[in-house]
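Structure at a glance
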Amino acid sequence: MSAKRSSIHGQWSSRWAFILAATGSAVGLGNIWRFPYLAGENGGGAFVLVYLVCVVLVGIPIMMAEILLGRRGRQSPINTMETLAAEEGLSKHWHFLGWMGVIAGFVILSYYSVIAGWTLGYIFRTGTGLFVDADAAFSKQMFAELVADPEKLLAWHTIFIIMSVVVVSRGVKSGLEKAVRFLMPALLILLLVMVGYAMSTEKFMEGINYLFIPNFEVLSHKKFFADILLPALGQAFFSLSIGMGAIMIYGSYLSHKSSITFNCFTIAIADTSVAILAGVAIFPIVFTYGLEPAGGPGLIFVTLPIAFGQMPFGTFFGTLFFVLLMFAGWTSSISLLEPAVTWLVENRDMTRVKATALAGTIAWLLGIVTIFSFNHWAFSFRFAGVVKENGFFDIFDILTSNILLPVGGLLVAIFAAWLMSRSSTVDELGIGDGPGYKAWRFAVRYIAPFGVIIIFLNAIGLFKVLGLVE
Ligand code: PHE
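A few points on the structure. Model, not experiment: these values are computed from the prediction. (Residues numbered from 1 in each chain as written. Predicted model: local features only at pLDDT ≥ 70, side-chain atom pairs only at ≥ 80, totals over all residues. Heavy atoms only, no water.)

Section: the state of the cysteines
Using the criterion set out here, one finds 0 disulfides in the structure. No disulfide involves Cys-54; its nearest neighbouring cysteine sulfur is the one of Cys-264, lying 17 Å away. On the accessibility criterion, Cys-54 (5% relative accessible area) is buried. (Disulfide = S-S within 2.5 Å. Buried < 20%, exposed > 50% of the residue type's maximum accessible area, 1.4 Å probe, protein only.)

Description of the environment of Leu-429
Along the polypeptide, Leu-429 turns up in helix 18 (residues 422-429). For Leu-429, a relative accessible area of 3% translates into the label buried. For Leu-429 and Leu-68, which are 361 residues apart along the polypeptide, the C-alpha to C-alpha distance reads 6.5 Å. If we ignore the near neighbours within four places in the chain, the residues touching Leu-429 are Met-64, Leu-68, Ile-260, Tyr-437 and Trp-440. (Helix = DSSP H or I, 4+ residues; strand = E, 2+ residues; numbered from the N terminus. Contact = heavy atoms within 4.5 Å.)

Digging into unusual backbone geometry
Positioned with a positive phi, Arg-74 is a non-glycine residue whose angle comes to about 60°. As for its position among the elements, Arg-74 is in the loop between helix 3 (45-73) and helix 4 (77-87). Residues other than glycine seldom take positive phi values, yet Asp-133 does so here, at roughly 60°. Relative to the helices and strands, Asp-133 resides in the loop between helix 5 (95-127) and helix 6 (136-147).

Re the environment of Thr-83
Here Thr-83 is to be found in helix 4. Since its relative accessible area comes to 23%, Thr-83 is described here as partly exposed. Residues Thr-83 and Ser-169, spaced 86 residues apart in sequence, show a C-alpha to C-alpha distance of 25 Å.

Looking at the environment of Cys-54
Positionally, Cys-54 belongs in helix 3. Residue contacts for Cys-54: discarding those within four places in its chain leaves Gly-59, Leu-229, Ala-232, Leu-233 and Ala-236.

So, the site of the ligand
Around the ligand sit 15 residues, and of these Ala-26, Gly-30, Tyr-112, Phe-238 and Ser-241 come closest. Phe-238 places a polar main-chain atom, nitrogen or oxygen, 2.8 Å from a nitrogen atom of the ligand. Between the ligand and Ser-239, the relevant distance is 3.1 Å, taken from a nitrogen atom to a main-chain nitrogen or oxygen of the residue. Elements supplying a minimum of two residues to the shell around the ligand: helix 1 (15-26), helix 2 (29-41), helix 11 (224-240) and helix 15 (314-347). (Near = heavy atom within 4 Å. Polar contact = N/O pair within 3.5 Å; in protein donor to acceptor, adjacent residues only side chain to side chain.)

Here we look at the side chain of Ser-25
Along the chain, Ser-25 turns up in helix 1. If near-sequence neighbours (up to four positions away) are discounted, Ser-25 is found in contact with Ser-241, Ala-246, Tyr-250, Thr-331, Ser-332 and Ser-335.

Things to note about the nonpolar core
Trp-33, Leu-69, Trp-118, Tyr-250 and Phe-321 are the most contacted members of the largest nonpolar core, which has 172 residues in total. Per element, the largest residue contribution to this core is 17 residues, and it comes from helix 5. (Core = buried A, V, L, I, M, F, W, Y, C linked by side-chain atoms within 4.5 Å.)

Notes on helix 19 (residues 435-459)
Between its terminal C-alpha atoms helix 19 stretches 34 Å, which fits the 36 Å expected from 25 residues at 1.5 Å a residue. Taken as a whole, helix 19 carries its principal kink of about 35° at Ala-443. Contacts made by the buried residues of helix 19 are with helix 3, helix 11, helix 17 (391-419), helix 18 and helix 20 (462-465). Looking one or two residues past helix 19, Gly-461 carries a phi angle of roughly 80°, positive in sign. (Expected span 1.5 Å × (residues − 1). Bend = angle between axes of the 7 residues up to and from the residue.)

So, the pattern of salt bridges
Inspection of the entire model under this criterion finds 9 salt bridges. The partner of Glu-41 in a salt bridge is Lys-388, and the shortest N-O contact between them spans 2.9 Å. With Glu-41 in helix 2 and Lys-388 in strand 2 (residues 386-388), this pair connects stretches of sequence that are 347 residues apart. Given the relative accessible area of 7%, Glu-41 is considered buried. (Salt bridge = Lys/Arg side-chain N within 4 Å of Asp/Glu carboxyl O.)

Brief notes about helix 15
For helix 15, spanning 34 residues, the distance from its first C-alpha to its last is 50 Å, which sits close to the expected 50 Å at 1.5 Å a residue. Largest kink in helix 15: about 35°, centred on Glu-338, with the proline Pro-339 one to four residues after it. Among the 34 residues that make up helix 15, 26 are buried, leaving the element largely enclosed by the rest of the structure. Remark: Asp-349 follows helix 15 within two positions and exhibits a positive phi of approximately 55°.

Re the packing of helix 4 against helix 5
It is the contact of helix 4 with helix 5, at a shortest axis distance of 7 Å, that shows an interaxial angle of 165°. One way to sum up the angle between helix 4 and helix 5 is to call them roughly antiparallel. Our pair here, helix 4 against helix 5, has a crossing hand that is right-handed. Contacts from Pro-77, Ile-78, Met-81 and Glu-82 of helix 4 reach helix 5 at His-95, Leu-97, Gly-98, Trp-99 and Val-102. A breakdown of the residues in the contact of helix 4 with helix 5 according to their chemical character gives 6 nonpolar, 2 polar and 1 charged. (Axes fitted to C-alpha atoms, helices over the stretch in contact; angles between N-to-C directions. Parallel < 35°, antiparallel > 145°, perpendicular 65-115°, else oblique. Left-handed = near helix turned anticlockwise from the far one by under 90°. Nonpolar A, V, L, I, M, F, W, Y, C, P; charged D, E, K, R; others polar.)

So, the packing of aromatic side chains
Going through the model one piece at a time under the given rule, you end up with 38 aromatic pairs. When the centroid spacing of 5.4 Å and the interplanar angle of 85° are considered together, the rings of Phe-379 and Phe-392 count as edge-to-face. Of this pair, Phe-379 sits in the loop between helix 16 (352-373) and strand 1 (381-383) while Phe-392 sits in helix 17, and the two are 13 residues apart along the sequence. For Phe-379, a relative accessible area of 33% corresponds to the partly exposed category. Look at Phe-392 and you get partly exposed, because its relative accessible area is 33%. Of note, Arg-125 hangs over the ring of Tyr-122, and the distance from its end group to the ring centre comes to 5.1 Å. Looking at Arg-445, its charged tip hangs above the ring of Trp-418, at a distance of 3.9 Å from the centre. (Phe/Tyr/Trp six-rings, centres within 6.5 Å; stacked < 30°, edge-to-face > 60°. Lys NZ or Arg CZ within 6 Å of the ring centre and 35° of its normal.)

Comments concerning a nonpolar patch on the surface
Residues Trp-418, Leu-419, Phe-442, Tyr-446, Phe-450, Ile-453 and Ile-454 make up a contiguous nonpolar surface patch of about 610 Å² in total accessible area. In terms of residues, the nonpolar patch owes the most to one element, helix 19, which gives 5 residues. Structurally, Leu-419 can be placed in helix 17. Taking the relative accessible area as the measure of exposure, Leu-419 reaches 32% and is therefore partly exposed. (Patch = residues over 30% accessible without salt bridge, like charges linked within 9 Å, V, L, I, M, F, W, Y side chains within 5 Å. Areas by Shrake-Rupley, 256 points an atom, 1.4 Å probe, with all protein chains shown as cover.)

Structure, rendered in structure tokens:
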């Protein structure tokens with residue numbers, strides 16, 4: 001029976017181990033670095049509102065589907081999809097979904113590691129008291145100097161990839177649980193400290209209004225589907241780590257006794273709270289110090305150091321903050337490598353250490369393109385109503401979050417809710433065939449796939465060409 005399949009890679013030691021590891025994957029730079037800068041670029045409140053709707057209606061149902069597939073297949077996403085497709089009498093080409101995820105994982109990790117490298121750099125910058133009493137101009141200049149220096153970026157990127165490779169090569173489970181158990185509460189406390197600081201700034205309410213009240217004037221300058229919905233949907237996938245197999249592989253180590261529904265809601269609530277807290281901490285600082293909300297990927301690296309320079313014990317809090325952010329990125333990067341590594345172990349008969357070294361090297365090489373995106377190879381283009389200034393980095397980011405992850409999620413939804421037999425999903429989800437199951441099935445069968453398709457068609461302007469919208 002497939003339901004009794006076990007993973008050659010082992011199982012989580014407890015239910016909390018899965019929740020912690022998956023939260024470690026979900027909570028990362030996506031919440032603290034990416035969410036605020038996208039919200040700032042795409043009009044604040046409207047983006048945040050649409051983001052929350054995407055998490056609830058599309059993100060959580062797809063996350064449940066992805067974990068369900070992983071737990072049933074119990075292998076790397078590539079082999080899981082092949083096995084499950086065979087079991088349901090479908091084409092083995094479904095393994096393509098796993099492949100897409102592996103590619104998305106490499107591309108995301110390649111730039112994720114560069115940004116995590118900035119975080120490493122900022123540990124030392126805040127730690128040495130560089131930002132004490134710094135003003136906005138100084139903070140901007142410090143950030144500009146860092147990204148203008150490819151050698152520094154390469155050094156930090158290399159260190160971060162090595163850190164990720166070391167953990168993954170030892171097997172995901174050892175250490176991760178303990179690290180996350182301490183890390184998440186610490187990160188939460190620190191974010192609250194920063195929210196406390198934000199409350200003391202002059203423009204706290206302006207920041208809050210910006211973040212939570214949709215501004216219809218901004219909306220009138222933007223195309224709703226392309227400028228707000230598409231990036232918000234992409235951020236939901238990115239932040240929840242869904243659509244590329246990361247959560248699927250973590251699900252493959254999950255015990256049968258554990259409730260997928262409870263786990264998913266816990267993870268999604270933790271993930272969303274961290275993102276919102278980061279927004280609440282950042283935007284009041286942005287307005288108080290006269291910075292631009294649409295500051296792009298440098299937003300937190302420019303704004304937060306100013307706050308650390310002003311607040312009591314700022315050097316201490318600042319250093320700790322960047323250390324914790326680095327850890328949060330680390331626990332996410334591990335899950336980006338894991339699908340590729342398990343496949344290499346399963347199909348290429350490699351040892352875990354060799355497989356991880358190979359996968360890490362590929363991501364490291366690709367990361368060099370991102371490094372040059374911020375200096376020698378920088379070029380700009382327009383996307384989602386905003387000028388993107390960092391060429392290949394932005395292309396990688398858009399390609400993965402706005403295209404590959406939603407398409408991956410769409411295929412997961414189609415597979416789990418349209419192609420897999422109802423009895424298999426009822427059996428695997430383990431909540432019976434009552435209202436909870438029906439709500440989930442409705443969301444994965446209709447809301448999630450049609451939502452993704454409509455957003456895509458609109459974003460690429462197909463509806464316009466066909467004369468269906470103005
Ligand atoms: N969710 C992670 C973050 O928010 C990034 C990630 C995306 C991790 C996709 C795994 C898979 O930082």
